[in-house]
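Topology and contacts: notes
Given next are the chains, with one letter for each unit.
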Amino acid sequence: QMARTQKNKATAHHLGLLKARLATLRRELITPTGGGFDVAKTGDARIGFVGFPSVGKSTLLSNLAGVYSEVAAYEFTTLTTVPGVIRYKGAKIQLLDLPGIIEGAKDGKGRGRQVIAVARTCNLILIVLDVLKPLGHKKIIENELEGFGIRLNSKPPNIGFKKKDKGGINLTATCPQSELDAETVKSILAEYKIHNADVTLRSDATADDLIDVVEGNRVYIPCIYVLNKIDQISIEELDIIYKVPHCVPISAHHRWNFDDLLEKIWDYLKLVRIYTKPKGQLPDYTSPVVLPYCKTTVEDFCMKIHKNLIKDFKYALVWGSSVKHNPQKVGKDHTLEDEDVIQIVKK
């Protein structure tokens, strides 16, 4: 129906309606039903590998895991094989192969749906493409992931949305809108049976953005495109590839450019390493406590070690770039930065 509809001002809110209807139907697909078969989350971050068969995904996984992992043994789960956990810069990173995500997974065929449920818990997605036929595959995989509410390399739309008990739909736009008007917003919300709400558009938003916010089940995950088999192309072609954003060319077979790939993975994961220092001893630089970049307060650090630690917490001494002088006495709300050293003082 959407394909048949001409795109113009008059049909804008009809299209908005159809998009909203589609999103509600899709949500029924995404919500996993029964049985948690999820792969146990180990390590500090989880990376999902997505790609068509025979693009060299398995070679990449086993070579990466072979080079950087301590565990060679494969952990088997009901669904995916985890080719080990790699250690990089002191962090443990779990690598997951997400098989069969492509072939009609959207319609919940086979175990496609569960694969997606796992994909949604990843901190980073690597889309592995064959350098000789990258673009077609890229589109298909992106559409598949988008359809499941996974938004790649994007930030949540800047839209305020608040349901109320009465007072109708209040639309405030802080900047000019090219697609959404009061009519369209009302019709999209009506599809969700929402007739009273405050909506604030703080950027030029699309119908899809509004639907994402109303659905509220979207996950925003960074993504790197790994272009494999670069041993089959010329240097000139390689130079062009290097200009594509979020892209790393590699050869899994020859293990070329793995350093660059890992460096980029590290950048995109934005992990923060904190070293601990027992009283009267030197800091332990061998095994940092690794925190995700959005949760890096002293309190988050304590919770990661043990929840009782925060009960006895008096103050912490911190050395590093987050403090003005070393050591500095800080409370539990202090935000830590990468490679800080901390000593917790208990009551």
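Residues numbered from 1 in each chain as written. Predicted model: local features only at pLDDT ≥ 70, side-chain atom pairs only at ≥ 80, totals over all residues. Heavy atoms only, no water.

Per an unreviewed UniProt entry, the protein is named Developmentally-regulated GTP-binding protein 1, and its organism is Chloroceryle aenea.

**Observations concerning unusual backbone geometry**
With an omega of -15 degrees, the peptide bond running from Asn 326 to Pro 327 counts as cis. By secondary structure assignment, the location of Pro 327 is in the loop between β16 (313-319) and β17 (328-330). One non-glycine residue with positive phi stands out, namely Lys 193, at about 55 degrees. By the element assignment, Lys 193 lies in the loop between α5 (182-191) and β10 (197-201). Residue Lys 193 is classed as exposed on the basis of its relative accessible area, which comes to 68%. (Helix = DSSP H or I, 4+ residues; strand = E, 2+ residues; numbered from the N terminus. Buried < 20%, exposed > 50% of the residue type's maximum accessible area, 1.4 Å probe, protein only.)

**Section: the pattern of salt bridges**
Tallying each qualifying case throughout the model produces 13 salt bridges. Between Lys 229 and Asp 130 there is a salt bridge, with the nearest N and O atoms lying 3.4 Å from each other. Taken together, the residues span a long stretch of sequence, with Lys 229 in the loop between β12 (223-228) and α7 (235-241) and Asp 130 in strand β6 (residues 124-130) at a distance of 99 residues. Owing to a relative accessible area of 4%, Asp 130 belongs among the buried residues under this scheme. Residue Asp 338 pairs with Arg 273 through a salt bridge whose shortest N-O separation is 3.0 Å. Taken together, the positions of Asp 338 in the loop between β17 and β18 (340-346) and Arg 273 in strand β14 (residues 272-276) put the pair 65 residues apart, joining distant regions of the chain. (Salt bridge = Lys/Arg side-chain N within 4 Å of Asp/Glu carboxyl O.)

**So, the nonpolar core**
Ile 47, Phe 49, Leu 60, Ile 125 and Ile 127 are the most contacted members of the largest nonpolar core, which totals 56 residues. Discounting chain neighbours no more than four positions away, the residues touching Leu 60 are Phe 49, Val 128, Val 226, Ile 250, Ala 252, Phe 258 and Leu 261. If you look at the next biggest cluster of nonpolar residues, it comprises 19 residues, including Ile 159, Leu 189, Val 199 and Ile 211. (Core = buried A, V, L, I, M, F, W, Y, C linked by side-chain atoms within 4.5 Å. Contact = heavy atoms within 4.5 Å.)

**Some thoughts on the side chain of Asp 130**
In terms of polar contacts, Asp 130 uses its side chain to reach the backbone amide nitrogen of Leu 132, at 2.9 Å. Non-local contacts of Asp 130, meaning those with residues more than four positions away in its chain, are made with Val 55, Asn 228 and Lys 229. (Polar contact = N/O pair within 3.5 Å; in protein donor to acceptor, adjacent residues only side chain to side chain.)

**A look at the sheet that holds β14**
Think of a sheet as strands paired side by side through backbone hydrogen bonds, with each pair either parallel or antiparallel. What the five strands build is an open sheet, ordered β15-β14-β18-β16-β17; its pairing is mixed. In the strand order of this sheet, the two ends are held by β15 (284-291) and β17, each with one partner. Neighbouring strand axes in the sheet, compared pairwise and without regard to direction, differ in orientation by 40 degrees on average. Where β16 lies against β18, six bridges are found, and the strand directions are antiparallel. Paired with Leu 317 across the bridge in β18 is Gln 343. The strands touched by helix α9 (residues 298-305) are β14, β15, β16, β17 and β18; relative to β15, the strand with the most contacts, the crossing angle is about 105 degrees. (Pairing = 2+ DSSP bridges. Axes fitted to C-alpha atoms, helices over the stretch in contact; angles between N-to-C directions.)

**Side note on the packing of α5 against helix α6 (residues 207-215)**
At a closest axis distance of 11 Å, the pairing of α5 and α6 adopts a crossing angle of 35 degrees. For the pair α5 and α6, the crossing hand works out as right-handed. Between α5, through Val 185, Ile 188 and Leu 189, and α6, the contact on the second element is made entirely by Ala 207, Leu 210, Ile 211 and Val 214. Each residue belonging to the contact of α5 with α6 can be placed in one class, and the counts come to seven nonpolar, no polar and no charged. (Left-handed = near helix turned anticlockwise from the far one by under 90°. Nonpolar A, V, L, I, M, F, W, Y, C, P; charged D, E, K, R; others polar.)

**Overview of the sheet that holds strand β5 (residues 91-97)**
Reading across from one edge, β4-β5-β1-β6-β12-β13 is the order of the six strands in this open sheet, with mixed pairing throughout. The sheet terminates laterally at β4 (85-88) and β13 (247-249), the two strands that pair on one side only. Strand-to-strand twist across the sheet, computed as the mean angle between neighbouring axes with direction ignored, equals 25 degrees. Relative to β12, β6 is paired through six bridges, and the arrangement is parallel. By the bridge assignment for β12, Asp 130 is matched with Asn 228.

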